[in-house]
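A look at the structure
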Amino acid sequence: MTRRNPAPRPRRGLRAALAAGAAGIIVTPLTAAAPAAASADRPAVVACPADVPVKTTCYTGQDANGAYYAIAVPKKWNGSLVVHAHGGPDLGNGSDPARSLDDLSRWSVMLDEGYAWAGSSYRRGGYGTRMGAIDTENVRRLFVSEFGTPKRTYIHGQSWGGDVAAKAVEMYGRKNGPYDGALLTSGVLGGGSRGYDYRVDLRVVYQYYCQNHPRPTEPQYPLWEGLRPDSTMTTTGLRARLQECTGYSSAPADRTALQQRNLDDILAVTKIPERTLESHLRFATFTFRDIVSTRLGGRNPFSNKGMWYSGSHDDKALNAGVERFSADPTAVRDLSYDSDLTGKVDIPVLTMHAIDDPTAFVEHEAAYRATLQGAHRDRYLVQAFTDEHEHSQLSDSEYANSIFALDRWVRTGRKPTPASLASSCASFDRVYGTGCFYKPDFRPASYASRVLARPNGRDWPAMSSAQEKIWSRVPGVGIAP
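A brief report on the enclosed structure follows. This is a predicted model, so every value here is computed, not measured. (Residues numbered from 1 in each chain as written. Predicted model: local features only at pLDDT ≥ 70, side-chain atom pairs only at ≥ 80, totals over all residues. Heavy atoms only, no water.)

This part takes up the side chain of Thr246. Locating Thr246 in the fold gives a position in helix H7 (residues 235–246). In terms of polar contacts, Thr246 uses its side chain to reach the backbone carbonyl oxygen of Leu242, at 2.8 Å. A polar atom in the side chain of Thr246 sits 3.2 Å from the backbone nitrogen of Tyr248. (Helix = DSSP H or I, 4+ residues; strand = E, 2+ residues; numbered from the N terminus. Polar contact = N/O pair within 3.5 Å; in protein donor to acceptor, adjacent residues only side chain to side chain.)

Pasting the structure below:
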């Protein structure tokens, strides 16, 4: 296939840029977008990951906020940049120096297509969507300080990184701003205040049937905490309890009758795929603990009061016995301000999502479209859906096709359609051979069709731009970086 990229733009040398005093990483307050601080160190040339195209130069460093980052520039650079927002959130106190290099390897197709790449590992683990957006913007600014302003800059977010990238679009993506377009893939686009309700339901439904998380003999705590702050439970320990109750990792013939019924009931009520039950329960345990205990000071942002759970062998007993709780309004406010989307978009946004995504359900896309429609910005949105069954990484042919279509949209104003995306993918598949699985006629059902809607939870956006502006004046609002 002939490359569809323009001639590369020469980059500025590192030493020249540093000598000119341009080596700044910019820190932005959570409620504003003004520059603030400088880089902690200069990017260092390192060996590229094995999957990265040959003759690519890779750099790593750590910014003044403690965030590790990775940058890569292919030899045949087309002059444009992809800035990547990673998923997760990863848990841990510090920034992970390996995360950005791992993501560079996973999405090396962008380098194959001639784009430079920059990604941040974020300054710490744990929840913080605005923090992730700021750290992502910081690595873009570092790239500019070292290599000059790209012809065009695209932001890419995967999974929770889709929420981070979408938040960055709203914070920084004004017309004639630093970003020309956004590619959101497998995105958690329902935001934090609603996007995890199905995991709230999993947490309480699991405990109703299994009664081992916590066990009756262990210290008790409200289930909205996910896990008590001082618990030493590990993922291995959680996996053992899930196996004990449901036999999920055993062949059906090896499960007891009670294990099979427990498993059937949990899956039917929560609509969570069996193959990702463990990962969703981990999130509803360890990430909930991070959100509640570490980020929100022990306040509860979740509610299941009044929810009617159905699909079990005895719905009446389930609803009579399941734990109920109501959210703290200030916790809801802070989680919403941090991670909900207003739909205030001024640049082209292309999304791609597997129809059978077992982690970020495809109905997140319906929530995002409704969010942009509610903000009267849906003219900036094109959504594509594929007949795939993965979450973490889709076909390279489709990624290459997506960035090409987004770039053409930005350069020419030719807005792609689901049908045109399906048609143009074939030429990329002749190069990458990973398949094209587009379903142009697919439209996801509403978010409420998959996740039980809480009161006032059917209207989008979950947070209007006017509400965001009001909340931004509240001292300490949101989640601290």
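Taken in spatial order, the nine strands make up an open sheet running S1-S2-S3-S5-S4-S6-S7-S8-S9, and their pairing is mixed. Whereas interior strands pair on both sides, the edge strands pair on one side only; in this sheet they are strand S1 (44–46) and strand S9 (381–386). Averaged over all adjacent pairs, the angle separating strand axes in this sheet is 20 degrees, with direction ignored. Here strand S8 (residues 349–354) runs beside S9; their pairing, made up of six bridges, is parallel. By the bridge assignment, Ala354 is partnered in S9 with Thr386. In this fold helix H5 (residues 160–172) packs onto strand S4 (81–85), strand S6 (153–158) and strand S7 (181–185), with an angle of close to 145 degrees to the strand it touches most, S6. (Pairing = 2+ DSSP bridges. Axes fitted to C-alpha atoms, helices over the stretch in contact; angles between N-to-C directions. Contact = heavy atoms within 4.5 Å.)

Attention now goes to the side chain of Asp290. As for its position among the elements, Asp290 is in helix H9 (residues 277–295). Not counting residues up to four positions away in its chain, the partners in contact with Asp290 are Leu91, Gly126, Tyr127 and Arg295.

Moving on: the pattern of salt bridges. Applying the stated criterion across every chain, the model contains 23 salt bridges. With its nearest N and O atoms 2.8 Å apart, the salt bridge here joins Asp346 to Arg377. With a gap of 31 residues between them, Asp346 in the loop between helix H11 (329–339) and S8 and Arg377 in the loop between helix H12 (363–374) and S9 connect regions that are remote in the sequence. For Arg377, a relative accessible area of 19% translates into the label buried. (Salt bridge = Lys/Arg side-chain N within 4 Å of Asp/Glu carboxyl O. Buried < 20%, exposed > 50% of the residue type's maximum accessible area, 1.4 Å probe, protein only.)

It is worth spelling out unusual backbone geometry at this point. Backbone torsion omega between Gly88 and Pro89 reads 0 degrees, so that peptide bond is classified as cis. With respect to the helices and strands, Pro89 occurs in the loop between S4 and helix H2 (99–106). Going from His213 to Pro214, the amide bond is cis rather than trans, its omega being 15 degrees. Within the secondary structure, Pro214 is located in the loop between helix H6 (197–210) and H7. Residue Ser159 is not a glycine yet carries a positive backbone phi of 60 degrees. The topology assignment puts Ser159 in the loop between S6 and H5. A relative accessible area of 12% places Ser159 in the buried class. With a phi close to 65 degrees, Asn456 is a non-glycine residue in the positive phi region.

Between its first and last C-alpha, helix H14 (residues 418–432) extends 20 Å over 15 residues, near the 21 Å set by a 1.5 Å rise per residue. If you look at H14, its biggest bend is around 35 degrees, right at Ala426. Among the residues making up H14, those that are buried are Leu421, Ser424, Cys425, Ser427, Phe428 and Tyr432. Where H14 is buried, its residues meet helix H3 (109–112), S8, S9 and helix H13 (396–412). (Expected span 1.5 Å × (residues − 1). Bend = angle between axes of the 7 residues up to and from the residue.)

We now examine the state of the cysteines. What the rule picks out here adds up to three disulfides. The disulfide that involves Cys48 links it to Cys58, with 2.0 Å between the sulfurs. Residues Cys48 and Cys58 are joined through a disulfide that is right-handed, its torsion about the S-S bond being 115 degrees. A residue pair is termed long-range when its members are at least 10 positions apart, and Cys48 in the loop between S1 and strand S2 (57–62) and Cys58 in strand S2 qualify at 10 residues. (Disulfide = S-S within 2.5 Å.)

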